[in-house]
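Secondary and tertiary structure notes
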Amino acid sequence: MAPCVQQGEGTVMSGAVSVADMVHDDFRSGFEHAGVGMAFTGLDDQYLRVNHKFADMLGYTVDELRRLGPADVGGKEHATGWPQRKRALLTGASREVTSEKQYVRSDGTTLWVSVVTSLIADDSGKPQHFISVIQDISARRAAESALRESEEKFRQLADNIPEIFWITDARQRKLHYLSPGFETLTGKCLADVLRRPRSWLQVVHPEDRERVRLARKGLPQNEYNIEYRIVLADGAVRWVHDQAFPVRDANGDVYRIAGIGADVTHRKEAEEKLVYLAHYDGLTGLPNRVLFFDRLQQTLAQAGRRSTVAAVMFLDLDRFKVVNDTLGHAVGDDLLRQVAQRLSACTRMGDTVARFSGDEFVLIVNDLHGSEDARHIAQKVLLAFADPFRVGGHEIFVSTSIGISMFPSDSDDEQALLKNADTAMYRAKESGRNNFQFYTREMNARAMYRLNLENSLRHALDRGEFHLHYQPKACLHTGQVTGVEALLRWERPDHGLVPPAEFVPLLEDTGLIVPVGEWVLGEACRQIAEWRRSGHDPVAIAINISARQFASRNLGELIKRVLDEHSADPRDIEFELTESLLMVNTEEAVRTLTYLKSLGLRLSIDDFGTGYSSLSYLKRFPIDALKIDRSFIDEIITNVDDATITRAVIGMAHNLGLKVVAEGVETEAQLSFLSANGCDEAQGYYFARPQPAAELTKWLGQVHRRPSPSRQGVKRA
Ligand code: C2E
Ligand code: MG
Ligand code: MG
């Protein structure tokens, strides 16, 4: 019986044992021209016969290949894998063995093939040789490797990006893939969600859940692009931007939905911050101008409906600039924050405290019955400023000036209400600060006047419109003139002399006080020199320094320079400072004053008694004299309190080694009281009014000639 080729289960061929006989003619042609590679291999692992296809696949001729044998072209795998397969065939463990391996071609390149090998036995079952069918699988292998590579790339990307990447089946909504980004963001176990995809919705914020559910329901017809919140296990809320889009097959049918979700919390927070900053003041957290108008609009609408009254209160801190300039912006900022807190504490729920700019705050107070209620609140605000602010180790006294306009009596227009409150605030400043004023129609004219005044004031120095008047001071022990105070006057074209109370605050507000103050010092030095030149005895001149000037940088150097320029003797100059100016930055003030003293200048505290300082506080400063404020002297005869205070101040000042000067002495009775109580010097209309240098020179000459004691009781020093 001819041997048969066992291929799988079936027998396809039988014949003699010799190779030539192995293949019948009709089979031979099939073998030679088969579309797949075929080879007969002997039990000694030599090719008995190979077909064209196989030889072509490896780039050899049939003869060349046959001479080479499987060990030469079978690659490394032949040595390691074939013996095992061969054994399986020979022992009958397998009827057919299959392997995928790389053959080496004639040019040294490799080719992926699949080889199916069977054993051919003779009729008695004795193994004869092997037959292999070899198929080129390089295309499939390349496709598989490309797929693997792309899958790998996808995994690398999807597993490592912080975004959540997901893919679901379009029909069954089965979650195919969810990237680890989900676990990172939500803290939920990835495997759990893959098992129960619906649990995803549980992390979505309850308020956003329905929206997310509806968006998903619209898939795959409608793509979505939504933002929602998720809640983490610790309760923290994160914002997610989730975008889903359909994936289509070659026919254009949607078979998958892919999505990408990103944590956009930072962006959302930045957006919220922007919205916040657009409506709130970054420093104090109070509503800003924009939100203020919004609230005012609502308040007015509500007050209109309920027929109630509302008030707009415009506040400006008094001398805040001085704090800022001397103690620095950090302290200024801290002060503003504390002011914001105190103001908020003065108002009720539903009222608004807004910060407009710098040291300007505006209050909206609603549900009032009338202006009495507004007055009450304004008083409360002023009281809230009575205690000092503790900032950066300093105790700072700051007061505020308040302007009030009422709805509906002053206006029913938001802008007008604010403008009127602002105008009233200026009036409060002019009335000595630390008070409030209700808006009146006359104030508008006043505001216009002020604006004009400011404009003219800006040119006054260049145009030489300033003059100095001088008012003498006399010693109450000797009756001699001890010096004069230089008082600034402005000769405003077409208006005449403007009193300092009108324009000095404006000079301070605009900062013009710095150059004007320099001019005053220079002019005083010039006057001293002129008196000397014309043979008069030298008269010491006292010069006023305002808080703003004192806060300006390098005040000491500026003074020194001006004195040097005029070759002035520092002993002829005295500076008058207000006590409030010393209270802002004590250390800096002590430094400046010590420097001025070291130059040989004298220093006194002006308007003493109007500020908050105590005498013991003044001990820290190198000062020579106190000038008791005019307001005490005014009623010293009629008011027991004023008399007592004056007496006490004189006593205590003497204990501290300070000279005492009384300001604004107008009557003989006042003079006698002061004299009797040991006051050292006095100044006032009783002796002489402030007057131009020429008149004062004349006056001094007369005093000198008149025998003492006269009505003036004054002799020239
Ligand atoms: P002050 O330094 O307290 O000046 C005294 C003020 O009292 C002066 O007012 C003076 O005219 C006034 N006066 C003097 N004796 C009497 C009196 O017997 N009765 C009354 N009723 N008043 C009297 P003035 O000249 O209007 O100056 C007002 C304020 O303007 C000054 O108060 C001072 O703080 C400020 N000032 C004046 N000149 C300058 C200046 O050159 N620089 C600065 N920074 N401030 C100045
Ligand atoms: Mg003065
Ligand atoms: Mg004074």
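Please read all numbers here as calculations on a predicted model, not as lab measurements.

1. Quick word on the overall build of the protein chain
Helices and strands together make up the secondary structure of the protein chain, namely 29 helices and 30 strands. In summary, the protein chain has a C-alpha radius of gyration of 52 Å against a globular reference of 27 Å for 717 residues, an excess of more than 25%. The contacts in the protein chain between residues at least 6 apart in sequence include a share of 57% that link residues at least 24 apart. Only carbon and sulfur atoms are counted for the fraction: they give 50% of the accessible area of the protein chain, which is about 35,300 Å².

2. So, the packing of helix α14 (residues 320–327) against helix α15 (residues 329–346)
When two helices pack together, their arrangement is captured by the angle between the axes and the distance separating the axes. Between α14 and α15, the least distance of the axes is 6 Å, while the angle of their chain directions is 140°. Taken together, the axes of α14 and α15 lie oblique to each other. Where α14 approaches α15, its residues F320, V323, N324 and L327 are matched on the opposing element by H329, V331, G332, L335 and L336. Broken down by class, the residue content of the contact of α14 with α15 amounts to six nonpolar, three polar and no charged.

3. Some thoughts on the site of ligand 1
In the neighbourhood of ligand 1, 22 residues make up the surrounding shell, with N544, D606, R630, E666 and Y685 lying closest. Interatomic distance of 3.1 Å between a side-chain N/O atom of D607 and an oxygen atom of ligand 1. Taking E663, its side chain carries an N or O atom lying 3.2 Å from an oxygen atom of ligand 1. With the chains in place, 83% of the 790 Å² that ligand 1 exposes on its own is no longer accessible. Elements supplying a minimum of two residues to the shell around ligand 1: β21 (480–492), α20 (513–533) and β25 (602–608). Sorting elements by how many residues they give to the shell around ligand 1 places β21 first, with four residues.

4. Remarks on the pairing of strand β4 (residues 47–50)
In terms of strand pairing, strand β3 (residues 37–42) meets β4 through three bridges, oriented antiparallel. Each residue of the ladder has a partner; that of T41, found in β4, is Y47. Counted between consecutive antiparallel strands, the loop separating β3 from β4 contains four residues, among which D45 sits at a positive phi close to 65°.

5. Some details on α20
The end-to-end C-alpha distance of α20 is 30 Å, a good match for the 30 Å that 21 residues give at a rise of 1.5 Å each. Looking at α20, one finds that the buried residues are I513, V516, G517, V520, L521, G522, E523, A524, C525, Q527, I528 and W531.

6. Points about the coordination of the magnesium ion (ligand 3)
Summarising the metal site, the magnesium ion (ligand 3) is bound by the protein donors D606 (OD), D607 (OD), E663 (OE) and E663 (OE), whose distances to it range over 1.8 to 2.8 Å. Expressed as a motif, the donor residue spacing for the magnesium ion (ligand 3) is D-D-x55-E. Here the magnesium ion (ligand 2) and the magnesium ion (ligand 3) are spaced 3.9 Å from one another, each receiving a donor from D606. By relative accessible area, D606 is classed as buried at 7%.

7. Concerning unusual backbone geometry
Residue P408 follows F407 across a cis peptide bond; omega there is 5°. Relative to the elements of secondary structure, P408 occurs in the loop between β18 (400–407) and α17 (414–430). Of note in this structure, S307 is not a glycine but carries a positive phi near 55°. A positive phi is found at N434, a non-glycine position, where the angle reads about 50°. Looking at where N434 falls in the secondary structure, it is placed in the loop between α17 and β19 (436–438). Given a relative accessible area of 34%, N434 falls into the partly exposed group.

Parameters at a glance
- Within every chain, residues take consecutive numbers counted from 1 along the sequence as written.
- Note on labels: chains are lettered from A, ligands numbered from 1, in written order.
- Since the coordinates come from a predicted model, pLDDT governs what is reported: local features require at least 70, and pairs of side-chain atoms require 80 or more to be given and counted, while whole-chain, interface and lining totals use all residues.
- The side-chain numbers reported here are obtained from all heavy atoms of the structure, hydrogens and water having been left aside.
- In this text, helices come from DSSP runs of H or I with a minimum length of four residues, and strands from runs of E with a minimum of two, each type numbered from the N-terminal end.
- Restricting the calculation to C-alpha atoms gives the radius of gyration, and the globule rule supplies 2.2 Å times the number of residues raised to the power 0.38.
- Should any heavy atoms of two residues lie within 4.5 Å, those residues are considered in contact.
- For every accessible area listed, the method is Shrake-Rupley and the probe measures 1.4 Å; residues are considered covered only by the protein chains on display.
- Axis definition: a line fitted to C-alpha atoms, over the contacting stretch in the case of helices. Angles run 0 to 180 degrees between N-to-C directions.
- For classification, angles of less than 35 degrees are called roughly parallel, those exceeding 145 degrees roughly antiparallel, those between 65 and 115 degrees roughly perpendicular, and all remaining angles oblique.
- For this classification, Asp, Glu, Lys and Arg are treated as charged, while Ala, Val, Leu, Ile, Met, Phe, Trp, Tyr, Cys and Pro are nonpolar and the rest, including Gly, are polar.
- Here a residue is considered near a molecule or strand provided that any single heavy atom belonging to it is located within 4 Å of it.
- In protein, a polar contact means a hydrogen-donor-capable atom and an acceptor-capable atom, both N or O and within 3.5 Å, with residues adjacent in sequence counting only if both atoms are side-chain atoms; elsewhere, any N or O pair within 3.5 Å suffices.
- Two strands pair if DSSP finds at least two bridges between them.
- Multiply 1.5 Å by the residue count of a helix minus one, and that product is the helix's expected span.
- Between buried and exposed lies partly exposed: a residue is buried under 20% and exposed over 50% of the maximum accessible area for its type, with that area taken using a 1.4 Å probe on protein chains only.
- Because water is not among the atoms used, a metal site may look incomplete, as its donors are only the N, O and S atoms within 2.8 Å, or 3.2 Å for Na, K and Ca.

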